[in-house]
Amino acid sequence: MSMDAYRKAASRLSPKLSPSALAQLGNSMEQALTGAPSSVYSIPESVRFDPFVLTNKSGTSSHPFEEETGTNVRSNPGAVIRSIGNSRRVFLLNSSLSPVELDGLSYRIRALASNDAINSIVVANPLEDAASNCDMSENTTCLSSFMEEGESPSRSVGAPWGKHLSDSMKTLLHENYGEGLAMPIVSSGYDARSIYDAGMHKHLDQLERELMVPLISLSKAVRGSYDETINSSPSKVPLITIPHGLTADAGYSLLLGSYVLATHSTSLKILNPLRGLAFDPVGLSYLLPRLGWEFSQTSREYSKACGVLLALTGYETNAEDMVATGLATHYIGSPYKLNILERGLSELNSFAGQALRAKPKTLHGHQHNDAYDVNGDFRNVAVGNLIQHISEYDAAGADEYGCYLRDDLDEETGLFLKDKDPSITLPEERIQMYGEVFSAFVSWGATFQEALLEPTVEGIIARLEEIAATKAEFEGKSGCEEDVMVAEQAEYLVSNMKQRSPLALRTMHRLLQKGSEENETLETCMEREKTSQMRLFAKEDGDFVRWAESGKGVGLVGMKGVASPIKEKEDIFSNWNHASVKEVTNDEVEELLSGA
C-alpha cells in the first residue's frame, strides 16, 4: 500500500478506532514506509490510557478485568515507548529483554535519536510507583506520568489500572510484586537462563546474530549512532537514562547515553561471573579502566584498580560512586524529579526548533552549504540546562546552580562559596550544595590499589588474603579500628571472588588488561567481549551450562539500596569446572579470546 493510501485509511478510521488499534496501525505504517524490521513490533508505541498488563511470577496475567469483554489489553512487553510532548519516554517494564526486543529497542532508539522533531529520549523504569508499595490504583495504566494527574478515567473506558481495584486485587499485586518498585532490577539486559532454555547457546551463528549483535547495536544506539543511521541521518537528540534501582551486566548498555541521572537508589553490579560468564559486549572492558577520565575526576588516579574492584569482586556501586567515577553524569536524589524533567522536556522546543539565528539567504546561482548548521552551538543546550537545574551535582563537580565545587569553595573550610557570607548559608545547604562528595568505592579502590593491580587474578586474591590476615593483629587494639575495617573488607572481597567462576574471572581480568591499552577503542573491546562471551556460552559442559542446569541464581536478595520483591534468597552455584583460579591455564583464557 502506498503512503497516500495509508494516510487516507488512517484519516478515515482514526475516529472509529481505539488508542490500541491506532498504535497498531501506526506500527504497520512505519514498517511499510521505512522498511523497519519486524522486531520493532516487540517494542510498541503506547498512547494515553493504552492498557498494558504485567504478568506475575507464575507467568499468568494479573489483569483485574480479564473476565470482562471488550477490554483490549496487550500482555507484558519488555519496554514501551510513549510520546510526552516534544520528548519520548522509554518505559522499561521488565528487567530483562528478549533478543527480539533488544533488536527492536535498538532500532527504535536509533530512529528517535535521528528525529529532529523531538528534543530528547528519556529511558527509565516505571519509578513513579516507587513509594506506593506497588499499589497501582492511583494510576490509569502501569505507564504512569505527570500528564495523568487529575485525569483518572473511570472503569467504563477500559483502563485496567483505574481507581476501582478491589482490595483482593491490591493484595494480589502486593504478593506478586512485593513492597516498593515493581522490579528489583532496572535492567540486566537479557535473561541468561532463557538463552539456555531456548538452546541458543549451542548454535554460535544464532547466538551472534540474535543476541550479541543486537546488544552491540543497542549500545551504539544509546551512546549515539553515527555509523549505523536511519535514513542516512545521524543521532541528534540526547538520550537521558534514570536508573532507579540496580543495573547489572548487559543492562549497562542503557547507561551509555548523553546523560545518566542517578537517584538515591541507583546502583551497578557485575553478576555474570556467578553464571560462568564474562563481560557482555557493551564495552565495559574499555570503560572500566578509564573511570573518571571523561570528567577529569579524582577517581581517574585509581581507575584501573576501581575497574578491577567492580568487575571481579561483585562490589555494588551506589549513586555517589557512579557519579564520582563518571558511570553516571548527574545525581538528582529523589526519583520524583522525573516528573519535573518530563514536564520541562515536553515544553522545550524540538531539535529543529532550537534556533536563534535565521538561515543565511542563498542567492541565485550560489551554492548553499547544507552541511553547516548556523544554530549548531545552540541545539541541545536547553536540555542540558534543564538537567543541570534538577540535579544536586554532576560528575564534573558542578552543583544545581552550575557552580564547580573544586574551583569555587573557600580554601579554609571547603564548605562555602568564595566571597559569600557564611551567615546566610543554612547548615544543610553547606553539606548538600557545597560539601565534598564521598565515594566509598573510590576509597576502597585507592586503599587496595596495589593488590588490585597485581598482574594475575591469583596474585590479587593472595594480596587481599594477606591484608585480611592482619585482622587478628589489630582486633581489640585501641586506635586500630580502621585497620580492622580494611581487613574485614579485604576478607569480604576474597570471599566474593571465590564464589565466582574461576575461568570467568580470569577471562574478565584479561579483557580489562587488553582494554586498558592505549590503542584500544570501544568497538574493538566490544568485539573481543562478544567473542569470549559466545565461547563461554557454547562451551560443552562449561561453567555457564553447569550453572544453567543447576537452577540456582546469583543471590539477588539483600542487595544494598535495592527494593527486591523476591521472598527467598537465591542460592549461588559453586560446582565450577575449576576449583580455583590457580587451575585455570593461560592457554584456556587465550583460546577464548583468540581471533578477536
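Residues numbered from 1 in each chain as written. Predicted model: local features only at pLDDT ≥ 70, side-chain atom pairs only at ≥ 80, totals over all residues. Heavy atoms only, no water.

Re the overall build of the protein chain
Just so we agree on the cut-off: Going along the chain from the N terminus, every DSSP run of H or I of four or more residues is numbered as a helix, and every run of E of two or more is numbered as a strand. By the convention used here, residues are in contact when the closest approach between their heavy atoms is within 4.5 Å. In short, Shrake-Rupley with a 1.4 Å probe defines the accessible areas, and a residue's cover is counted only from the protein chains shown.
Broken down by element type, the protein chain carries 22 helices and 14 strands. Considering only contacts in the protein chain between residues 6 or more positions apart, those separated by 24 or more positions represent 72%. Roughly 26900 Å² of accessible area belongs to the protein chain as shown, and the carbon and sulfur atoms make up 48% of that amount.

Description of the packing of aromatic side chains
For clarity, the threshold we go by: Stacked, edge-to-face and tilted are the three classes for Phe, Tyr and Trp ring pairs, Trp counted by its six-membered ring, which pair at centre distances within 6.5 Å; planes under 30 degrees apart are stacked, over 60 edge-to-face, the rest tilted. Throughout this description, buried means an accessible area under 20% of the type-specific maximum (1.4 Å probe, protein chains only), exposed means over 50%, and partly exposed covers the range between. Definition used: whenever NZ (Lys) or CZ (Arg) falls within 6 Å of the ring centre and also within 35 degrees of the ring normal, the charge is taken to sit over that ring.
Scanning the entire structure with this criterion turns up eight aromatic pairs. Plain terms: the ring middles of Tyr 331 and Tyr 393 are 5.4 Å apart, the flat faces sit at 20° to each other, and that makes the pair stacked. Note that Tyr 331 is positioned in strand β13 (residues 330-333) and Tyr 393 in strand β14 (residues 393-394), a separation of 62 residues in sequence. Residues Phe 537 and Phe 544 carry aromatic rings whose centres are separated by 4.7 Å and whose planes lie at 70° to one another, so their mutual orientation is edge-to-face. In this pair, the class of Phe 537 matches that of Phe 544, namely buried. Joined through ring pairs, the aromatic side chains of Tyr 190, Tyr 196, Phe 537, Phe 544 and Trp 547 make up one cluster. The lysine or arginine in question, Arg 89, covers the ring of Phe 91, its NZ or CZ lying 3.9 Å from the ring centre. Its guanidinium or amino end placed over the ring of Phe 351, Arg 379 lies 5.0 Å from that ring's centre, counting from NZ or CZ.

Some remarks on the pairing of β13
We apply this condition: Two strands qualify as a pair provided DSSP detects at least 2 bridges between them.
On β13, burial covers both faces: His 330 and Ile 332 on one face and Tyr 331 and Gly 333 on the other are all buried. Bridging between strand β10 (residues 259-263) and β13 involves three bridges; their strand directions are parallel. Counted as the bridge partner of Ala 262 is Tyr 331 from β13. Bridge analysis of β13 against β14 gives two bridges, and the strand direction is antiparallel. What sits directly across from Tyr 331, in β14, is Tyr 393.

Regarding the pattern of salt bridges
Cut-off, in case you're wondering: The term salt bridge refers to a side-chain nitrogen of Lys or Arg lying within 4 Å of a carboxyl oxygen of Asp or Glu.
Inspection of every chain in the model, using the stated rule, returns 13 salt bridges. The partner of Asp 116 in a salt bridge is Lys 236, and the shortest N-O contact between them spans 3.7 Å. Of the two residues, Asp 116 sits in the loop between α3 (99-113) and β6 (120-124) while Lys 236 sits in the loop between α6 (204-224) and β8 (239-242), which places them 120 residues apart along the sequence. Since its relative accessible area comes to 25%, Lys 236 is described here as partly exposed. Note that Glu 450 is salt-bridged to Arg 463, the shortest N-O span being 3.4 Å.

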